[in-house]
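Structural overview for review
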Amino acid sequence: MAMATAKRWLVIVILTLLLPAKPFAADGASIIVDRAWARASILASRPGAAYLTIRNAGAVADRLIGATSPVAKSVMIHATEGSGGTMRMRAMPDLEIGAGGEAVLEPGGVHLMLMGLREKLVEGEDLTLVLTFERAGVIELQFPIRSFAARNPDGSK
């Protein structure tokens with residue numbers, strides 16, 4: 001009986017360490033961040049990009065109002081938009097996540113741009129990002145850095 005309990009706790013601990021979701025709650029908002037990852041950069045002189053899914057399990061809307069990283073001078077929320085066959089990026093002041101809703105930040109869409117990199121983002125390392133929400137407050141996360149060609153959180157193309 002004690003062995004079964006020990007195995008059950010071991011499974012719980014392993015799953016807790018492997019699951020990327022991190023819930024946070026404040027003032028009725030409950031923010032869950034998962035599928036967080038960043039792309040390796042070609043050079044430190046080029047911007048980096050980070051992606052994630054933000055879910056709001058709370059009863060009120062919340063808003064991502066900023067982000068920072070120790071390896072970038074600034075982190076901006078960007079949207080990729082296409083018009084007449086030309087793609088361009090537009091900075092967004094914030095990103096609303098409605099009550100019970102989600103925001104998916106992905107390649108070719110909304111994403112976080114890391115401007116003024118102080119060092120190159122290297123595949124296999126982790127990137128620290130600090131997200132600031134209007135209600136949930138500050139959330140610090142580690143984003144695994146995938147290859148420059150990755151299109152998905154698991155690193156696949």
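Residues numbered from 1 in each chain as written. Predicted model: local features only at pLDDT ≥ 70, side-chain atom pairs only at ≥ 80, totals over all residues. Heavy atoms only, no water.

Things to note about unusual backbone geometry
Residues other than glycine seldom take positive phi values, yet arginine 35 does so here, at roughly 55°. Locating arginine 35 in the fold gives a position in strand S2 (residues 29–39). Judged by its relative accessible area of 46%, arginine 35 is partly exposed. (Helix = DSSP H or I, 4+ residues; strand = E, 2+ residues; numbered from the N terminus. Buried < 20%, exposed > 50% of the residue type's maximum accessible area, 1.4 Å probe, protein only.)

Some thoughts on the pattern of salt bridges
Throughout the structure, instances matching the rule amount to five salt bridges. Between arginine 55 and glutamate 102 there is a salt bridge; the shortest N-O distance is 3.0 Å. Taken together, the residues arginine 55 in strand S3 (residues 48–56) and glutamate 102 in strand S8 (residues 102–105) connect sequence positions 47 residues apart. Here glutamate 96 ties to arginine 63 by a salt bridge, and the two come within 2.9 Å at their closest N and O atoms. Note that glutamate 96 is positioned in strand S7 (residues 95–97) and arginine 63 in strand S4 (residues 62–68), a separation of 33 residues in sequence. Overall, the relative accessible area of 45% leaves glutamate 96 in the partly exposed class. (Salt bridge = Lys/Arg side-chain N within 4 Å of Asp/Glu carboxyl O.)

Some words on the nonpolar core
Across soluble globular proteins, you tend to see nonpolar side chains buried next to one another. Grouped together as the largest cluster of nonpolar side chains are 33 residues, with contacts concentrated most on Leu112 and Leu127. Ignoring sequence-local partners within four residues, the contact set of leucine 127 consists of Ala38, Ala50, Ser69, Val71, Leu114, Leu121, Leu141, Gln142, Phe143 and Ile145. Within the second largest apolar cluster, five residues are counted, among which are Trp37, Ala49, Tyr51 and Met113. (Core = buried A, V, L, I, M, F, W, Y, C linked by side-chain atoms within 4.5 Å. Contact = heavy atoms within 4.5 Å.)

What about the side chain of threonine 128?
Following the sequence through the fold, threonine 128 ends up in strand S10 (residues 126–133). Within the structure, the side chain of threonine 128 is placed 2.8 Å from the side chain of glutamine 142, a separation counted as a polar contact. (Polar contact = N/O pair within 3.5 Å; in protein donor to acceptor, adjacent residues only side chain to side chain.)

A few points about the confidence of the model for the protein
Per-residue pLDDT for the protein has a mean of 85; in total, 82% of the residues score no lower than 70. Segment residues 9–26 is flagged for pLDDT under 50; beyond a separation of four residues in sequence, or across chains, it makes 19 contacts in the model. (pLDDT = per-residue confidence, 0-100.)

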